[in-house]
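Residues per chain, in single letters:
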Amino acid sequence: QDFPHTPLSWIARMAFRGLLLVLFFSAGAVDAFVGFGQALRSKTLTPDSLRGRSAPARPVGDAARLRLSLSGGSSRREIPKDCGIDPVTGEIVAGDPSLILNTNVKMGDKKKDFMMAASKALAAGLGKPESYVAICVEDGKDMIWGGDDTPCALGCLYSLGGINNENNKKVSAELAKLLGEFGIPADKIYINFFDVPRENCGYNGSTFAG
């Protein structure tokens, strides 16, 4: 806005410009505050794979404190017998991790040893009680990879919570190591991870949702 060139008009122009500066920086401060809040929430909430699933949403920062309270201390809490603790987030997660694995390699008399080792790998990697881990292995199947019948394996892992990048990588690495003993290269293995809602997993004549 133009003002007449008088001392009074000069003061009005300065006041007008000052008002614009206040409005500009106020908007920037609000944006910065909102951005900080969003960043804070992204660091304190559980991973998207767990949110709304079997494990209750808890700040990731609570992981160490949760482990401590569950393992000892004055505020100790008991872990339900069908649950475990996610080793990454510290979440209490229900049981029922299961692995269905198919391979075109015949495992012979070493098949049971592989299944036992895979069971322990799932329990350790997902933080679940091994008493709820189920393993199904179909070996000697007709399979191809890249148009060739090279040794390979395809697996599907289902779990009520405990499915996240860190846990998945640990389990994938351990399974690749175990399958490598049967001549299956790590780059010829697919393991698909599925985070199953409680109501979609049947158990004991009902579901884990009760």
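Here the structure is a predicted model, which means the values were calculated and not measured.

Scoring rules and cut-offs
Residues numbered from 1 in each chain as written. Predicted model: local features only at pLDDT ≥ 70, side-chain atom pairs only at ≥ 80, totals over all residues. Heavy atoms only, no water. Salt bridge = Lys/Arg side-chain N within 4 Å of Asp/Glu carboxyl O. Buried < 20%, exposed > 50% of the residue type's maximum accessible area, 1.4 Å probe, protein only. Phe/Tyr/Trp six-rings, centres within 6.5 Å; stacked < 30°, edge-to-face > 60°. Helix = DSSP H or I, 4+ residues; strand = E, 2+ residues; numbered from the N terminus. Pairing = 2+ DSSP bridges. Right-handed = clockwise from strand over helix to strand, strands pointing away. Expected span 1.5 Å × (residues − 1). Arc of directions from axis to C-beta. Contact = heavy atoms within 4.5 Å.

Student: What is the right way to read the pattern of salt bridges from this model?
Tutor: Two side chains of opposite charge can pair, provided their charged atoms sit close to one another. Counted under the stated rule, the structure contains four salt bridges. Notably, a salt bridge pairs Lys188 with Asp187, separated by 3.6 Å at the nearest N-O pair. Asp187 sits in the exposed class, given a relative accessible area of 54%.

Student: Before we go on, may I ask you to explain the packing of aromatic side chains in this structure?
Tutor: Each aromatic ring pair is summarised here by two numbers: the centre-to-centre distance and the angle between the ring planes. Scanning all chains against the criterion turns up five aromatic pairs. Residues Tyr132 and Tyr203 carry aromatic rings whose centres are separated by 5.7 Å and whose planes lie at 50° to one another, so their mutual orientation is tilted. Within this pair, whereas Tyr132 is found in the loop between helix H3 (111-126) and strand S4 (134-138), its partner Tyr203 is found in strand S7 (residues 202-203), the two being separated by 71 residues in sequence. Ring centres of Tyr158 and Phe194 lie 5.0 Å apart, and the angle between their planes is 15°; this geometry places the pair in the stacked category. You can see Tyr158 sitting in strand S5 (residues 153-159) and its partner Phe194 sitting in strand S6 (residues 189-195), a full 36 residues away along the chain. Judged by its relative accessible area of 29%, Tyr158 is partly exposed.

Student: For this particular structure, what's the right way to read the pairing of strand S3 (residues 98-103)?
Tutor: Every other side chain in a regular strand lies on the same face of the sheet, so the side chains alternate between the two faces. Pairing analysis gives five bridges linking S3 to S4, with the strands arranged parallel. By the bridge assignment, Leu101 is partnered in S4 with Val137. With H3 bridging S3 and its parallel neighbour S4, the resulting β-α-β unit is right-handed. Pairing of S3 with S5, which is carried by six bridges, proceeds in the antiparallel orientation. Within the sheet, the bridge partner assigned to Leu99 lies in S5 and is Leu157.

Student: Can you help me understand helix H4 (residues 165-180) in this one?
Tutor: Given 3.6 residues per turn, any residue in an α-helix points the same way as the ones three and four places further on. A rise of 1.5 Å per residue sets the reference length of H4, with its 16 residues, at 22 Å; its end C-alpha atoms lie 22 Å apart and thus fit the reference within 8%. Asn167, Asn168, Val171, Leu175, Ala176, Leu178 and Leu179 are the residues of H4 that are buried. All buried residues of H4 fall inside an arc of 160° around its axis, so they share one side. Along H4, exposed side chains directed more than 90 degrees from the buried face belong to Asn165 and Lys177. The secondary structure elements touched by the buried residues of H4 are S3, H3, S5 and S6.

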